[in-house]
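Topology and contacts: notes
Take a look at the letters that make up each chain.
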Amino acid sequence: MKTRVAIIGAGPAGLMLGHLLRAEGIDCVVLERQTGDYVLGRIRAGVLEQITVRTMARLGLDARLKAEGMVEDGFALADGKRLIRIDLKALTGTSVVVYGQTEITRDLMDAAPRRGLEVIYEAGDVALHAVDSDAPWVTYRKDGAEHRIDARFIVGCDGYYGPSRRAIPASVAREYERVYPFGWLGILADVPPCHKELVYANHERGFALASMRSRTRSRYYIDVPLTESVANWPDERLWDELAIRLGAQAAANITRGPSLEKSIAPLRSYVFAPMRHGSLLLCGDAAHIVPPTGAKGLNLAASDVHYAAEALAGFFARHDADAIARYSDKALARVWKCERFSWSLTRLMHRFPEDGPFERAMQVAELDYIAQSRHAQASIAENYVGLPV
Ligand code: RFL
Ligand code: PHB
């Protein structure tokens, strides 16, 4: 098979890019290792920045997002004593939208056949070839047979564990990494949220987050040591811990219910550079990971895809090879700022095992400063709703 762009991975990055390229009349094929149902079964992000909302609108795939997404004009930081509201709307003029990654993925997936976007699920042993040439190709196995796709570009949207990043030679690659000594234990339940906006809490006992998917579905997290296992956290224990960490105000309104999903996700900050080598571009988690504290992962995937689609459209419409050459620097400039925000919010809101009384006093002072300073709140708000693309 021959195409212009071979996209590896049908998560939000790969599907969004596929749709953007099809909208520009650029042929592409998406290869996904898993089944569609498996991809939809992953419970992940919930908070959308404007870049993600705008991309879905531009694609004309935002009907459900507009109908079901919850526009959030603010969120709160809790320090065990009070809720510090960050008024996103008043401070930045804009908001975020709560709409699950699962729903975005479903909207993109459902629209693929009618938009002529070919997605090949259950593609095994995907391998990239000749990425530093002008004629790269991808091989994969499906239904017991080996297949080959020849392309002008390959875009790796295959997440942190996919093969694309590894196709860039070690001699040109740089990696930056910070692994955190805790993970987030998340619970999804069909109960109304305890608060109308998200609450991020830093309590003596650790971090907690009250989030939601809809008016009847809640998503909560606490941080736990990496050695913890889900088996140690029956639902009641987790609800008890959330009620303590979120503070009296939010806890008073918690409705408990059986977990639909419960899992532990490790936290990591990671950047791979460059995000392009020869005819291979990387987008989303394939190139970088942020800790979930800033709600940036999915949104960064959307901004990468925006830059990549622009570069590829420039190349195919105007033979603009410079557009491709600029992609990595352009994407990384935004990636690093989002890494900084996610890292700093993680640092502010979690207890690190190495922290002593001094570090704790710094967190208390910073939260107190944020509570009193409109400038500090504005900086957090500006980053949370999403930096310009
Ligand atoms: P994905 O979603 O991991 O998709 C990659 C796809 O590539 C496929 N793949 C392969 N396909 C073919 N061949 C191979 N060899 C392949 N290897 C892998 C995979 O099966 C998969 O389908 O990456 P993408 O598209 O870059 O999207 C990134 C986002 O998924 C991720 O950044 C966010 O979920 C992060 N994240 C959050 N982001 C936000 O913006 N807001 C949030 O509120 C938020 N909360 C979260 C999060 C991530 C979490 N976890 C579990 C990591 C909360 C959590 C708990
Ligand atoms: C979520 O709802 O899953 C969620 C919300 C905000 C975050 C991270 C995760 O910062």
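Residues numbered from 1 in each chain as written. Chains lettered and ligands numbered in written order. Predicted model: local features only at pLDDT ≥ 70, side-chain atom pairs only at ≥ 80, totals over all residues. Heavy atoms only, no water.

1. Overview of the pairing of strand S14 (residues 199-203)
- Burial within S14 is extensive, with five of its five residues counted as buried.
- On S14, burial covers both faces: Val-199, Ala-201 and His-203 on one face and Tyr-200 and Asn-202 on the other are all buried.
- Alignment of strand S5 (residues 74-78) against S14, held across three bridges, turns out to be parallel. Counterpart to Leu-77 in the pairing with S14 is Tyr-200.
- Pairing geometry for S14 and strand S15 (residues 206-214), over five bridges, is antiparallel. From the neighbouring strand, Tyr-200 faces S15, where its bridge partner is Leu-209.
- As consecutive antiparallel partners, S14 and S15 are separated by two residues. (Buried < 20%, exposed > 50% of the residue type's maximum accessible area, 1.4 Å probe, protein only. Helix = DSSP H or I, 4+ residues; strand = E, 2+ residues; numbered from the N terminus. Pairing = 2+ DSSP bridges.)

2. Focus on the packing of helix H3 (residues 50-58) against helix H9 (residues 297-318)
- Closest axis-to-axis distance for the H3/H9 pair is 8 Å, and the angle between their directions is 55 degrees. Judged by the angle between their axes, H3 and H9 are oblique. Considering the relative orientation of H3 and H9, their crossing is left-handed. Between H3 and H9, the residues in contact are Ile-51, Thr-52 and Arg-58 and Asn-299, Ala-302, Ser-303 and His-306, respectively. (Axes fitted to C-alpha atoms, helices over the stretch in contact; angles between N-to-C directions. Parallel < 35°, antiparallel > 145°, perpendicular 65-115°, else oblique. Left-handed = near helix turned anticlockwise from the far one by under 90°. Contact = heavy atoms within 4.5 Å.)

3. What to know about the sheet that holds strand S7 (residues 96-98)
- Strand order in the open sheet formed by three strands is S3-S7-S4, and the pairing between neighbours is antiparallel. If you trace the sheet from one side to the other, it starts and ends with strand S3 (47-48) and strand S4 (70-72), each paired once.
- Bridge count for S3 against S7 is two bridges, and the pairing is antiparallel. Counterpart to Val-47 in the pairing with S7 is Val-98.

4. Describing unusual backbone geometry
- Residues Ala-273 and Pro-274 are joined by a peptide bond in cis, for which omega reads 0 degrees.
- Within the secondary structure layout, Pro-274 lies in the loop between strand S17 (259-273) and strand S18 (276-277).
- Even without a glycine there, the phi angle at Ala-130 is positive, about 50 degrees.
- Tracing the backbone through its elements, the reader meets Ala-130 in the loop between strand S9 (124-129) and strand S10 (137-142).

5. Let's talk about the site of ligand 2
- Taken together, 14 residues lie around ligand 2, and Tyr-200, Ser-211, Arg-213, Tyr-221 and Pro-292 are the ones closest in.
- At a separation of 2.7 Å, an oxygen atom of ligand 2 approaches a polar side-chain atom of Arg-213.
- In the environment of ligand 2, an oxygen atom lies 2.7 Å from a nitrogen or oxygen atom belonging to the backbone of Pro-292.
- Of the residues forming the shell around ligand 2, the biggest block, three residues, is contributed by S15.
- Per-class residue counts for the shell around ligand 2 are eight nonpolar, three polar and three charged. (Near = heavy atom within 4 Å. Polar contact = N/O pair within 3.5 Å; in protein donor to acceptor, adjacent residues only side chain to side chain. Nonpolar A, V, L, I, M, F, W, Y, C, P; charged D, E, K, R; others polar.)

6. Points about helix H12 (residues 374-385)
- Compared with the 16 Å implied by 1.5 Å per residue over 12 residues, the 16 Å span of H12 between its first and last C-alpha is a close match.
- For H12, the set of buried residues is Ala-376, Gln-377, Ile-380, Ala-381, Asn-383, Tyr-384 and Val-385.
- Among the residues of H12, the N-terminal cap falls to Ser-373, whose side-chain oxygen and the backbone nitrogen of His-375 are separated by 3.2 Å.
- Just past H12, the residue Gly-386 takes up positive phi, approximately 115 degrees. (Expected span 1.5 Å × (residues − 1).)

Distances and angles like these do not, on their own, reveal function.
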